[in-house]
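Take a look at the letters that make up each chain.
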Amino acid sequence: MVKVVQKGFVLAFIILAFVIGTQNPEVVNVNYLIATSQLPLATLMSVCFFIGVLIGCMVSVKVFSQLKWQNYRLKKSNRQLSPDTER
């Protein structure tokens, strides 16, 4: 059931991105540090969105791995402090 809901959200976001893309056909100037280019606004918005998603995923992986490591260490010290109890 959860997978169906997740797939529904992904499909809704894809449709929303398509609608936004068709509503923004203007070409905008993008100034980089060493270059300038012209891109459609929808393309620029998509690229910025995916870069944000990638950065968010990298930060989340780092935070979750730190929390998992902390959880492992706390469980290990808890087992050492109370060896007579079972898991």
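Computed from a predicted structure; not experimentally measured.

### Here we look at the overall build of the protein
Broken down by element type, the protein carries two helices and two strands. Listing the helices and strands of the protein from first to last along the sequence gives α-β-β-α. Over its C-alpha trace the protein gives a radius of gyration of 23 Å, far above what one expects of a compact globule, namely 12 Å for 87 residues. The dimensions of the protein, computed from C-alpha atoms along their principal axes, are 70 × 40 × 10 Å. Going through the 87 residues of the protein one by one, you find that 3% of them count as buried. Summed over all atoms, the accessible surface of the protein reaches about 8,100 Å², with 70% contributed by carbon and sulfur.

### Quick look at a nonpolar patch on the surface
A surface patch of nonpolar side chains, amounting to about 750 Å² of accessible area, comprises Val 47, Ile 51, Ile 55, Met 58, Val 59, Val 63, Phe 64 and Leu 67. Relative to the assigned elements, Ile 55 resides in helix α2 (residues 41-81). By relative accessible area, which is 45% here, Ile 55 ends up partly exposed.

### A closer look at the pairing of strand β2 (residues 36-40)
Here strand β1 (residues 27-31) pairs with β2 via five bridges, running antiparallel. Its bridge partner being in β2, Asn 31 is matched across the sheet by Thr 36. As consecutive antiparallel partners, β1 and β2 are separated by four residues.

### So, the packing of aromatic side chains
Evaluated as defined, the whole model comprises two aromatic pairs. Where Phe 49 meets Phe 50, the ring centres are 5.5 Å apart and the plane angle is 70°; that geometry is what we call edge-to-face. A residue is classified by how much of its surface remains accessible, and Phe 50, at 51% relative accessible area, is exposed.

### Side note on the state of the cysteines
Summed over the entire model, instances satisfying the criterion amount to zero disulfides. Residue Cys 57 stays outside any disulfide, its sulfur separated by 16 Å from that of Cys 48, the closest cysteine.

Criteria and thresholds
- Per chain, residue numbering runs from 1 following the sequence as it is written.
- For a predicted model such as this one, the threshold for reporting local features is a pLDDT of at least 70, and the threshold for listing and counting side-chain atom pairs is 80 or more; totals across whole chains, interfaces and linings nevertheless cover every residue.
- Heavy atoms throughout the structure, all of them, feed into the side-chain values; hydrogens and water do not.
- Where helices and strands are cited, they refer to DSSP runs of H or I of at least four residues and of E of at least two residues respectively, numbered from the N terminus.
- Based on C-alpha atoms, the radius of gyration is set beside the globule rule, defined as 2.2 Å times the residue count to the power 0.38.
- Summary of the burial criterion: residues with accessible area below 20% of their type's maximum are buried, those above 50% are exposed, and those between are partly exposed, where the area comes from a 1.4 Å probe applied to protein chains only.
- Residue burial considers only the protein chains on display, and all accessible areas are found by Shrake-Rupley using a 1.4 Å probe.
- Each patch is assembled from residues with relative accessible area greater than 30% and no salt bridge, linking like charges that lie within 9 Å and nonpolar side chains (Val, Leu, Ile, Met, Phe, Trp, Tyr) that lie within 5 Å.
- Salt bridge, as applied in this entry: a Lys or Arg side-chain nitrogen positioned within 4 Å of an Asp or Glu carboxyl oxygen.
- When DSSP locates at least two bridges between a pair of strands, those strands are taken to pair.
- Here a pair means two rings of Phe, Tyr or Trp (six-membered ring of Trp) with centres within 6.5 Å. Their orientation is stacked below 30 degrees between planes, edge-to-face above 60, and tilted elsewhere.
- Any two cysteine sulfur atoms within 2.5 Å of one another count as a disulfide.

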